[in-house]
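# Reading the structure
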Amino acid sequence: MQSSPSQPLAGRIALVTGASTGIGRVTARQLALQGAHVYLACRSEARTRPVIDEIQRLTGRAAAEWLELDLADSRSIRACASRFLDSGQPLHLLVNNAGLAGARGLTRDGFEMAFGVNHLGHFLLTDLLLERLKASAPARVVTVASRAHRRAPAIDWNAVRRPTRSLTGVREYAVSKLANVLFSAELARRLDGSGVSTYALHPGVVDTEVWRAVPGPLRPLLKLRGLLTPEEGARTTLHCALHAPASESGLYYARSAVTAPTDRACDFRLAAELWRRSAEWVADIGQYR
Ligand SMILES: NC(=O)c1ccc[n+]([C@@H]2O[C@H](COP(=O)([O-])OP(=O)(O)OC[C@H]3O[C@@H](n4cnc5c(N)ncnc54)[C@H](OP(=O)(O)O)[C@@H]3O)[C@@H](O)[C@H]2O)c1
């Protein structure tokens with residue numbers, strides 16, 4: 001199908017993780033309204049079905065479908081990637097949006113919950129889809145990070161393999177979001193010249209379900225400033241997906257503009273080490289599960 005000014009994404013295929021609610025839901029809807037066919041990679045079909053129905057109603061076509069994905073379980077991630085790859089479809093846009101804050105414990109693969117879901121799960125998913133992205137170039141990988149990465153002074157390689165320690169999970173969330181920014185930058189370096197560009201972003205402080213697992217009395221402390229609506233919160237993701245120049249690959253965005261992350265998030269040696277360790281971890285998990 002030819003793209004047109006009102007349907008710039010006609011004929012394009014997108015995959016959005018965590019599209020059952022919040023920022024991901026709006027992102028998936030807007031991409032479909034602009035003509036894309038969108039895979040909603042989510043853990044619950046029951047929670048995703050209303051989004052698919054809404055997209056069908058708004059676009060008048062079967063523009064969205066559910067792909068089962070639990071980012072806390074590498075088996076589910078591998079199955080999700082296989083199902084997508086088996087469809088034979090190209091992949092023009094991967095939006096690594098899913099995320100949690102305040103959930104405590106370990107993933108099925110034995111990683112701290114926030115790090116495992118927010119970073120390592122997306123690392124594995126992206127890796128499994130990478131050849132298809134390259135074959136579909138020009139393509140993009142957009143990773144929804146957070147300005148919370150500013151609270152992470154470093155990555156403790158032992159702590160990411162232990163259950164969540166802090167009461168609120170906010171400290172571990174910050175580390176996972178630092179990992180998101182480092183991952184996106186390292187991915188850009190590795191994809192240089194491939195036609196696949198990458199973007200990490202802070203969506204703003206958005207009124208979504210993201211804090212649902214933080215103990216109730218502490219939640220107001222995390223939401224002191226004015227909250228954006230999910231529609232406003234999806235704007236920077238959509239900017240990166242649609243408008244950010246390929247020459248800005250690897251950079252970090254807030255309010256739809258390139259923004260400086262912390263010095264730590266710009267540390268290319270740390271980014272390379274995170275990549276190396278993540279690749280080893282997912283290879284190990286692949287052997288034992
Ligand atoms: N809201 C904010 O103020 C804010 C600020 C900075 C960054 N962010 C980031 O924005 C992104 C979207 O968050 P949101 O605010 O829209 O939160 P949300 O409303 O809680 O949505 C999060 C999405 O992630 C999914 N998810 C959680 N754990 C998952 C898992 N193990 N496997 C697969 N999917 C999983 C959820 O699925 P279920 O429906 O199954 O639970 C949901 O679809 C996150 O990466 C978050 O860190 C948000």
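See above for the structure.
A short tour of the structure in this document, coming up. In this text the structure is predicted, and so the values were computed from the model without any measurement. (Residues numbered from 1 in each chain as written. Predicted model: local features only at pLDDT ≥ 70, side-chain atom pairs only at ≥ 80, totals over all residues. Heavy atoms only, no water.)

## Focus: the pairing of strand β2 (residues 37-42)
Burial analysis of β2 places 6 of its 6 residues in the buried class, the great majority of the element. Burial of β2 is two-sided: the residues H37, Y39 and A41 facing one way and the residues V38, L40 and C42 facing the other way are all buried. Strand direction decides the pairing type here: strand β1 (residues 13-17) and β2, joined by 5 bridges, are parallel. When the bridges of β2 are listed, V16 appears paired with L40. Between the parallel elements β1 and β2, the chain passes through helix α1 (residues 22-33) in a crossover that is right-handed. At this point the chain moves from β2, through helix α2 (residues 45-59), to the parallel strand β3 (residues 64-68), and the crossover so formed is right-handed. (Buried < 20%, exposed > 50% of the residue type's maximum accessible area, 1.4 Å probe, protein only. Helix = DSSP H or I, 4+ residues; strand = E, 2+ residues; numbered from the N terminus. Pairing = 2+ DSSP bridges. Right-handed = clockwise from strand over helix to strand, strands pointing away.)

## Digging into helix α5 (residues 170-190)
Along its 21 residues, α5 runs 30 Å from first to last C-alpha, staying within 8% of the 30 Å computed at 1.5 Å per residue. Most of α5 sits out of view: 18 of its 21 residues are buried. (Expected span 1.5 Å × (residues − 1).)

## A look at the packing of α1 against helix α8 (residues 235-242)
It is the contact of α1 with α8, at a shortest axis distance of 9 Å, that shows an interaxial angle of 40°. Taken together, the axes of α1 and α8 are oblique relative to one another. Seen along the crossing, α1 lies across α8 with a hand that is right-handed. Residues I23, T27, Q30 and L31 of α1 lie in contact with α8, whose contacting residues are T237, L238 and A241. By residue class, the composition of the contact of α1 with α8 is 4 nonpolar, 3 polar and no charged. (Axes fitted to C-alpha atoms, helices over the stretch in contact; angles between N-to-C directions. Parallel < 35°, antiparallel > 145°, perpendicular 65-115°, else oblique. Left-handed = near helix turned anticlockwise from the far one by under 90°. Contact = heavy atoms within 4.5 Å. Nonpolar A, V, L, I, M, F, W, Y, C, P; charged D, E, K, R; others polar.)

## Observations regarding the environment of L191
Considering the arrangement of structural elements, one finds L191 in the loop between α5 and β6 (196-202). On the basis of relative accessible area, L191 is assigned to the buried category, the value being 2%. Measuring from C-alpha to C-alpha, the distance between L191 and S249 comes to 9.3 Å, with 58 residues separating the pair along the chain. The contacts of L191, once residues within four sequence positions are left out, are L130, K134, V196 and T198.

## Side note on the environment of R150
Position of R150 relative to the elements: it lies in the loop between β5 (139-144) and α5. Residue classification places R150 among the partly exposed residues on the basis of a relative accessible area of 42%. Linking R150 and L178, residues 28 residues apart in sequence, is a C-alpha distance of 7.4 Å. Setting aside residues up to four positions removed in sequence, R150 forms contacts with Y252, T259, A260, P261 and T262.

## Quick word on the side chain of R140
Here R140 lies in strand β5. In this structure, R140 is buried with no salt-bridge partner, the nearest side chain bearing the opposite charge being E248 at 8.1 Å. (Lys, Arg positive; Asp, Glu negative; His and termini not counted. Salt bridge = Lys/Arg side-chain N within 4 Å of Asp/Glu carboxyl O.)

## Observations regarding the state of the cysteines
Following the criterion strictly, the structure yields 0 disulfides and no others. Left unpaired, C42 is separated from the closest cysteine sulfur, that of C80, by 9.3 Å. Under the relative-accessibility criterion, C42 is labelled buried at 3%. Cysteine C240 remains unbridged, with the sulfur of C266 as its closest cysteine sulfur at 16 Å. Residue classification places C240 among the buried residues on the basis of a relative accessible area of 0%. (Disulfide = S-S within 2.5 Å.)

## So, the packing of aromatic side chains
Tallied over the full model, the rule gives 8 aromatic pairs. Taken together, a centroid distance of 6.0 Å and an interplanar angle of 65° make the contact between F123 and F183 edge-to-face. Of this pair, F123 sits in helix α4 (residues 113-135) while F183 is found in helix α5, placing the two residues 60 residues apart along the sequence. For the pair formed by F123 and F183, the shared burial category is buried. Between the aromatic rings of W157 and W281, the centroid separation amounts to 6.4 Å while the plane-to-plane angle is 55°, which identifies the pairing as tilted. Here the residue W157 occupies a position in the loop between β5 and α5, and W281 occupies one in helix α9 (residues 268-288), the gap between them amounting to 124 residues. Overall, the relative accessible area of 16% leaves W157 in the buried class. Three or more aromatic residues joined by ring pairs form one cluster here, namely F111, F115, W157 and W281. (Phe/Tyr/Trp six-rings, centres within 6.5 Å; stacked < 30°, edge-to-face > 60°.)

## Some details on the pairing of β5
A large share of β5 lies buried, amounting to 6 of its 6 residues. Of the two faces of β5, the one carrying A139, V141 and T143 and the one carrying R140, V142 and V144 are both buried. Examined bridge by bridge, strand β4 (residues 93-96) and β5 share 4 bridges and lie parallel to one another. Across the sheet, L93 pairs through a bridge with R140, a residue of β5. In this sheet, β6 lies alongside β5 in parallel orientation, the contact comprising 6 bridges. In the sheet register, R140 faces β6, and the bridge partner there is S197. Of the crossover connections in this fold, the one passing from β5 over α5 to the parallel β6 is right-handed.

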